[in-house]
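# Understanding the architecture of this molecule
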Amino acid sequence: MLEHFSHIVTVFLLVAGLFIVIARGNLIKKLVGLSILQTSVYLLYIAPGKLLGGTAPILAPQLSVYSNPLPHVLILTAIVVGVATLALGLALAVRIREAYDTIEEDEILALDHAADAREGS
Amino acid sequence: MALTVLMLMRVRNLFAVIVLFGIYSFLMATVLVALDAVDVAMTEAAVGAGVSTVLLLGALHLCKSREAKPAHRPWLPLAVALSTGLVLVYGAMGLPDFADPLSPIHAHVVPRYLQNEVQVPNVVTAVLASFRGYDTLGETTVVFTAGAGIIALLRRRKKVENDRKDRV
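Values in this document were obtained by computation on a predicted structure and should not be read as measured data.

Broken down by element type, chain B carries seven helices and zero strands. From first element to last, N terminus to C terminus, chain B shows the α and β order α-α-α-α-α-α-α. Sorting the 168 residues of chain B into buried and exposed places 32% on the buried side. Look at the contacts in chain B between residues 6 or more apart in sequence, and 46% of them connect residues 24 or more apart. Total accessible area computed for chain B in this model is approximately 10,500 Å², and 68% of it derives from carbon and sulfur atoms.

The next point concerns the overall build of chain A. Helix and strand counts for chain A stand at four helices and zero strands. Element order for chain A, N to C, with α for helix and β for strand: α-α-α-α. Relative to a compact globule of 121 residues, whose C-alpha radius of gyration would be 14 Å, chain A shows 21 Å and is clearly more extended. C-alpha atoms of chain A, sized along the principal axes, occupy 80 × 30 × 20 Å. The buried share of chain A, reckoned over its 121 residues, is 54%. Expressed as a percentage of contacts within chain A between residues at least 6 apart in sequence, the contacts between residues at least 24 apart total 44%.

For the rest of this paragraph, the subject is the nonpolar core. Counting 51 residues, the largest nonpolar core has A:Ile28, A:Ile46, A:Leu90, B:Tyr24, B:Val40 and B:Leu56 as its most contacted members. Contributing elements (two or more residues each) for this core: α1 (5-23), α2 (27-49) and α3 (69-100) of chain A together with α1 (2-10), α2 (14-34), α3 (38-61), α5 (110-113) and α6 (123-131) of chain B. It is α3(A) that contributes the most residues to this core, 10 residues altogether. Formed jointly, this core draws a minimum of three residues from each of two domains, domain 1 (1-66) and domain 2 (107-168) of chain B. Ignoring anything within four residues of it in the chain, the contact list for A:Ile46 reads A:Pro71, A:His72, A:Ile75, B:Leu32, B:Leu35, B:Ala37 and B:Val40.

Let us look at the interface of chain A and chain B. Listed as interface residues are 73 residues of chain A and, on the opposing side, 83 residues of chain B. In total, chain A and chain B occlude about 7,200 Å² of area from one another, counting both sides; carbon and sulfur atoms represent 78% of this. Looking only at chain A, the three residues that lose the most surface to chain B are A:Phe19, A:Leu59 and A:Arg95, adding up to 9% of its buried area. Inspection of the region where chain A meets chain B yields zero salt bridges.

Turning our eyes to something else, we now look at the environment of A:Gly25. All names here are of chain A. Position of Gly 25 relative to the elements: it lies in the loop between α1 and α2. Given a relative accessible area of 17%, Gly 25 falls into the buried group. Separated by 81 residues in the primary sequence, Gly 25 and Asp 106 have C-alpha atoms spaced 6.7 Å apart.

With that settled, consider the confidence of the model for chain B. On average, residues of chain B score 80 in pLDDT, and 85% of them reach the 70 mark or higher. Predicted complex, confidence summary: ipTM 0.84, pTM 0.83.

Moving on, we come to α1(A). The first and last C-alpha atoms of α1(A) sit 27 Å apart over 19 residues, in line with the 27 Å expected at 1.5 Å per residue. Those residues of α1(A) not exposed but buried are A:Ser6, A:His7, A:Thr10, A:Val11, A:Leu13, A:Leu14, A:Val15, A:Ala16, A:Gly17, A:Phe19, A:Ile20 and A:Ala23.

Relative to each other, α3(A) and α6(B) sit at 60°, their axes nearing to 9 Å. One finds that α3(A) runs oblique with respect to α6(B). Crossing hand, α3(A) versus α6(B): right-handed. Taking contact as the criterion, the partners of A:Pro69, A:Leu70, A:His72, A:Val73, A:Leu76 and A:Thr77 in α3(A) are, on α6(B), B:Val123, B:Val124, B:Val127 and B:Leu128. By residue class, the composition of the contact of α3(A) with α6(B) is eight nonpolar, two polar and no charged.

A few words now on the side chain of B:Asp39. Structurally, B:Asp39 can be placed in helix α3. Beyond its immediate chain neighbours, meaning those up to four positions away, B:Asp39 contacts A:Leu76, B:Asn122 and B:Val124.

Below, the discussion takes up the packing of aromatic side chains. All names here are of chain B. By the definition in use, this model includes one aromatic pair over all chains. With a centroid separation of 6.3 Å and 25° between ring planes, the pair formed by Phe 21 and Tyr 24 is classed as stacked. Residue Phe 21 and its partner Tyr 24 are located together in helix α2, separated by three residues, close to a single helical turn. By the burial criterion, Phe 21 is buried, and Tyr 24 matches it.

All names here are of chain B. Relative orientation of the contacting elements α2 and α3 amounts to 175°, with a least axis distance of 8 Å. Compared by their axis directions, α2 and α3 come out roughly antiparallel. Contacts between α2 and α3 involve Leu 14, Phe 15, Ile 18, Phe 21, Gly 22, Ser 25, Phe 26, Met 28, Ala 29, Leu 32 and Val 33 on the former and, on the latter, Val 40, Ala 41, Glu 44, Ala 45, Gly 48, Ala 49, Ser 52, Thr 53, Leu 56, Leu 57 and Leu 60. A class-by-class count of the residues in the contact of α2 with α3 yields 16 nonpolar, five polar and one charged.

What counts, and at which threshold
Residues numbered from 1 in each chain as written. Chains lettered and ligands numbered in written order. Predicted model: local features only at pLDDT ≥ 70, side-chain atom pairs only at ≥ 80, totals over all residues. Heavy atoms only, no water. Helix = DSSP H or I, 4+ residues; strand = E, 2+ residues; numbered from the N terminus. Buried < 20%, exposed > 50% of the residue type's maximum accessible area, 1.4 Å probe, protein only. Contact = heavy atoms within 4.5 Å. Areas by Shrake-Rupley, 256 points an atom, 1.4 Å probe, with all protein chains shown as cover. Rg over C-alpha atoms; globule rule 2.2 N^0.38 Å. Core = buried A, V, L, I, M, F, W, Y, C linked by side-chain atoms within 4.5 Å. Domains from an automatic or database assignment. Buried area = accessible area lost by both parts, 1.4 Å probe. Salt bridge = Lys/Arg side-chain N within 4 Å of Asp/Glu carboxyl O. pLDDT = per-residue confidence, 0-100. Expected span 1.5 Å × (residues − 1). Axes fitted to C-alpha atoms, helices over the stretch in contact; angles between N-to-C directions. Parallel < 35°, antiparallel > 145°, perpendicular 65-115°, else oblique. Left-handed = near helix turned anticlockwise from the far one by under 90°. Nonpolar A, V, L, I, M, F, W, Y, C, P; charged D, E, K, R; others polar. Phe/Tyr/Trp six-rings, centres within 6.5 Å; stacked < 30°, edge-to-face > 60°.

What follows is the structure in structure tokens.
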């Protein structure tokens, strides 16, 4: 069980993020949940690359064991892409707030239904 | 870290949520340092805790800062999330052990990366800029697209405001 501790932490963060995304109606809160889900994926990639007794992958003559650099590279890319998508999501939330005057999912749906009913009648 | 995440789920004041998210990002950066990923930790502290928090606060400035109470108890989402978690834990049991030097992740291309072929002592930089340069090109494309999308969304808003002013 202890050798899988990093995976269990990852899964806990993933479940927490997923729960916030599904259960909370507020769009900004949903985006925060999505970011937590994303950080759990960082952990999923980085943790297996660690070696006990290894150091950060910066080459030096007196060191011989390094942790795996490849996941670090992939996750560096993922962090930057993640913040770009977060910014895009927030811009969408701001636009929705302009159009509907609310960022609660329930209220947006209610307004949509009301608009549909008005068109139908 | 777990405590911060649990509080994030409960708190309804969005300002508190954003501050907690900043704390969470710094904690994640600390964990990444412990896992030897210093470059990633630096990026996470700068981008995750810095830029994301500023963006979230900026969006919050344009929106309401309180979250409405949910109409019903979230049993279904809880069940979905927990069952996903159980399946993932079951799957994780089949993965290689933590810090196992014989796991496949250490076997393929990484020994070659560590031979210092491009004369850059920081291997992460070498891989990012040299071996996997196309990844960085793709990343730049994504960031550019996101920036263009944001500009398109927010500029349209300005035009609508101007129209409104013209009508008044």
